[in-house]
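Below, each chain spelled out in residue letters.
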Amino acid sequence: MKTPRRLTASISVLTVFAALICMPLTVQAQNDNLADFFDQKKAAATEAGVKTEINVSLLPQDAKAGDTVTLSIAVILPEGAYTYSTNPTFGGATRFKIEDVKGLTAIDQHFNADHPPKTVFEPLFMKEVEKYTKHVIWSRRYKVNQDVTSPSQVIINGQMDYQVCNADRCVALQHPFSAILTGKQETAPLSFTLIPERRSKPDPVELSFALTPVESSPEKLVQLKITMKLDKGFHTFALDQDKSQAGLPTHIELFKLEGLKPVSKKFAVTPETKQETHGVYNQRTHYDEVVWTREFERLPDAKAIGVEGKLKYQICNEGSCRPPLPVDFQLGSLTNAHPVAMSSLEELKESDSDDEFQSVAEGRDQSLASYLFFAFLGGLILNVMPCVLPVVAIKVMSFVQQAGESRTRIFALNIFYSLGVLVVFLGLASLAVFANLGWGGLFQSTKFNVIMACIVYAMGLSMLGVFEIPVPGMVGSVAGGQQKEGLTGAFLTGILATLLATPCSGPFLGGVLAWSVKQTPGITYLIWLVMGLGMASPYILFSVFPKAINYLPKPGMWMVRFKEFSGIVLMGAVIFIISFLDESLTIPVLIMLLGITTGLWMIGSLYTHNSSRQKKMTVRASALLLTGGICLFGYSMSQKSANELPWVPLNVAELEKLKTENKTVLIDFSAKWCLTCKLVEKQALNTPETLEMIKKHNIVPIYADYTDYSPTIKALLDEYESVSIPLTVILPANRPDDPIIIRDFYTQSTLLNALNEAVETPPAKKSVKREMVSTVAH
């Protein structure tokens, strides 16, 4: 019997659609949202709601050769805005690029934040992301090189790429920065008075700023005092003025402090704020004169004190209001002032308020019934999302095989599939309630991603005919027409389909999920259960109306080809899952997949159904051992050694300095793409014995990263007459011009022998490059 053309065409379209946009391109399913969310780079950074204050400093300014300095980048965000952490697993993460460094050697490998971010579930991305609100200070330590004789020799240039977001939009921004050492003392008066101007016209206010001792403890406490005198008829607004009440609050920000530590948690104000009502608006105002004060403690070892900040105020009279005006102020010494990020807004709000991250998609006045409806609809739509299409396509083929089955069996198969779906949704609800893990949160687990990649890869091999899954009726074994779908296979297929769906999202799910995790556990379980029923509803429908299966095409050769094509699509799913992982795990996971391929090929090719039981068991045991060994090897490569040497990035100036200081130096020329290099590092370099010797003899390990081409490293490789890596060079303390060179792969014993020779052998009479020969044959 010929397959109905219309249905065959529909299945073909479904298959092509799955192949083109499945796992590797899942993010494309959210492009409409992401375009508005991110692609506004040219939207002016000065737009209301996203303007930020960024302060860059390199301190202490009077640092000399050998001193440690800190590059700090302080970001102060407007109210209601946030930025992302530097976590590289998220595409919108903050990134720092150091483009030019002179006179400095990095101590820290990365920029570190002054406080941890808040991890929140972001419905738009269907994953948890790390966010900062109000402020964050990123810093990185450097050491001033010994050859620096003048502050002008120290300079660092770079760029910060970051996102600033609020409830309406997210703007991608870049902030180039440059920092130098001046060696000069930077001071300002401890008090001053000014009259701000707008377009060369004075404002009807007088501002005074002063940093003075506190009378009760003049040697220990200091008071920052900001005084505003307003002309008659004008008023300004309180620090806690509600901006929705037709008036913007006064805002005080502190950027830098020197020799001071805050004592009071907020600014005090005198006289008390006046409460006024103008029509429907309730305002908190100040007339005539207002004074804001805050106390600080002198640090015990402080040689000077100082503060830098900004006051932003709005003034009004009975006829009109003027736009907010910022006024910067500096008081005292700022030579070695460290960045801070303090805002008067922080004193008035709870910093951990979940409302800051409330999704715009989250309705607040909807009823429970409406949320249940959209949960069901969102679950139903998951069946056509790219992530789950490969499994759903195979499920369609299982429907084809159900034709002619009894009504009871068709009902049981589809109910078991639906139970698999519901089990996962209830499990995810439990994770949301007890572990605060949102939809898609499982894919933030490295172990889960690796396991899923292996499972999906094995399924793909099964569909491509490499072997048959030994679970009766499991996906990949039912499509060829050789066996019928089983209840266990149907249940496991439902579980797999739902797990694969979690990286995807669809319409309605974002707001529903964000709302559900804030409700009582009972409501959360109910929402997620209804969502599961929505996803399972087409299969429940088939179980209730089994005659609908008769409209599907009859089994035939097209199912074999469809199964094979679905296997290719699942390989795309594996690529997508691996993309979640850190780059350092790519090679280890590929090695594990190679082991799985080898083992499953042996099981599928080295015996038949008619082979003896002994042969089957022998092949299976051999396959298990070989696969286990290869996977264990891949896993071991992914583990960061607890005995990793204290590597220092290669810096030629620092290397020359170490030579003059009679330090034994070990240089490892390596690269991320060099598999042999990683084996050497794991088996010879980063080991307890090597680490013990490094510490015992004060040997300096230097890492020459050749991942990207470096003319400096290339010149050193040429000097040591090497055209390849790995290469390990040991420069003995008493004869740095007589290096010990170890090429290619070597063992730990070879390295330890070379290090022993470097620290024990007296100076050579003649400078000769010597090479250690590894005990391992090349």
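Just above, that's the structure.
Residues numbered from 1 in each chain as written. Predicted model: local features only at pLDDT ≥ 70, side-chain atom pairs only at ≥ 80, totals over all residues. Heavy atoms only, no water.

Q: Tell me about the sheet that holds strand 26 (residues 315–316), and please be specific about residues and values.
A: Taken together, 4 strands build an open sheet; the order of strands is 22-23-18-26 and the sheet is antiparallel. The sheet is open, and its two borders are formed by strand 22 (274–278) and strand 26, each paired with just one other strand. Bridging between strand 18 (residues 235–237) and strand 26 involves 2 bridges; their strand directions are antiparallel. Note that in strand 26 the partner of threonine 236 across the bridge is isoleucine 315. (Pairing = 2+ DSSP bridges. Helix = DSSP H or I, 4+ residues; strand = E, 2+ residues; numbered from the N terminus.)

Q: Go over the packing of aromatic side chains, please, and point to the residues and values.
A: Counted by the stated rule, this structure contains 11 aromatic pairs. With a centroid separation of 5.4 Å and 65° between ring planes, the pair formed by phenylalanine 96 and tryptophan 138 is classed as edge-to-face. One end of the pair, phenylalanine 96, is in strand 4 (residues 95–102); the other, tryptophan 138, is in strand 9 (residues 135–144), with 42 residues separating them in the sequence. Seen in terms of ring centroids, phenylalanine 192 and phenylalanine 209 are 5.2 Å apart; in terms of plane orientation they differ by 25°. Their pairing is stacked. Residue phenylalanine 192 is located in strand 13 (residues 191–194), and its partner phenylalanine 209 is located in strand 16 (residues 205–213); the two are separated by 17 residues in the primary sequence. Classification of phenylalanine 209 by relative accessible area gives buried; the value is 1%. Clustering of aromatic rings is evident, with ring pairs tying together Phe96, Phe111, Tyr132 and Trp138. (Phe/Tyr/Trp six-rings, centres within 6.5 Å; stacked < 30°, edge-to-face > 60°. Buried < 20%, exposed > 50% of the residue type's maximum accessible area, 1.4 Å probe, protein only.)

Q: Lay out the pattern of salt bridges with the relevant residues and their values.
A: Oppositely charged side chains may form a pair once their charged atoms are brought near each other. Inspection of the entire model under this criterion finds 14 salt bridges. Between aspartate 203 and arginine 322 there is a salt bridge, with its nearest N and O atoms 3.1 Å apart. Of this pair, aspartate 203 sits in the loop between strand 15 (201–202) and strand 16 while arginine 322 sits in the loop between strand 26 and strand 27 (325–333); the two residues are 119 residues apart in sequence, bridging distant segments of the chain. On the basis of relative accessible area, aspartate 203 is assigned to the buried category, the value being 4%. Here arginine 322 falls in the partly exposed class, since its relative accessible area comes to 29%. Salt bridges sharing common partners tie together Glu53, Glu253 and Lys310. (Salt bridge = Lys/Arg side-chain N within 4 Å of Asp/Glu carboxyl O.)

Q: Help me get a handle on the state of the cysteines, residues and values and all.
A: Applying the stated rule across the entire model yields 2 disulfides. Each disulfide pairs two cysteine sulfurs, and for cysteine 316 the partner residue is cysteine 321, the sulfurs being separated by 2.0 Å. An S-S torsion of about 110° defines the bridge between cysteine 316 and cysteine 321 as right-handed. Cysteine 631 provides the cysteine sulfur closest to cysteine 454, a residue in no disulfide bond, and the two sulfurs are 6.2 Å apart. The buried category is assigned to cysteine 631, whose relative accessible area is 15%. (Disulfide = S-S within 2.5 Å.)

Q: Quick rundown of the nonpolar core? Include the residues and the values.
A: Core analysis: the biggest nonpolar cluster contains 52 residues, and Ile527, Trp528 and Leu593 have the highest contact counts within it. Broken down by secondary-structure element, the contributors of at least two residues to this core are helix 3 (368–381), helix 5 (407–434), helix 6 (446–463), helix 7 (487–501), helix 8 (509–516), helix 9 (521–544), helix 10 (557–578) and helix 11 (586–605). With 11 residues, helix 6 is the largest single contributor of residues to this core. (Core = buried A, V, L, I, M, F, W, Y, C linked by side-chain atoms within 4.5 Å.)

Q: Now, about helix 15 (residues 688–696): what can you tell me, with residues and values included?
A: For helix 15, every residue scored as buried is listed here: Thr690, Leu691, Met693 and Ile694. End-on view of helix 15: buried residues confined to an arc of 165°, all on one side of the axis. Every exposed residue of helix 15 that faces more than 90 degrees away from the buried side is listed here: Glu692, Lys695 and Lys696. Those residues of helix 15 hidden inside the fold are in contact with helix 14 (675–685), strand 31 (700–705) and helix 17 (748–760). A positive backbone phi angle near 55° is found at asparagine 698, which sits one or two residues after helix 15. (Arc of directions from axis to C-beta. Contact = heavy atoms within 4.5 Å.)

Q: Just give me the short version of a nonpolar patch on the surface, but keep the residues and values in it.
A: A contiguous nonpolar surface patch, about 390 Å² in accessible area, is contributed by Phe411, Leu541, Val544 and Phe545. Mapped onto the secondary structure, phenylalanine 411 falls in helix 5. (Patch = residues over 30% accessible without salt bridge, like charges linked within 9 Å, V, L, I, M, F, W, Y side chains within 5 Å. Areas by Shrake-Rupley, 256 points an atom, 1.4 Å probe, with all protein chains shown as cover.)

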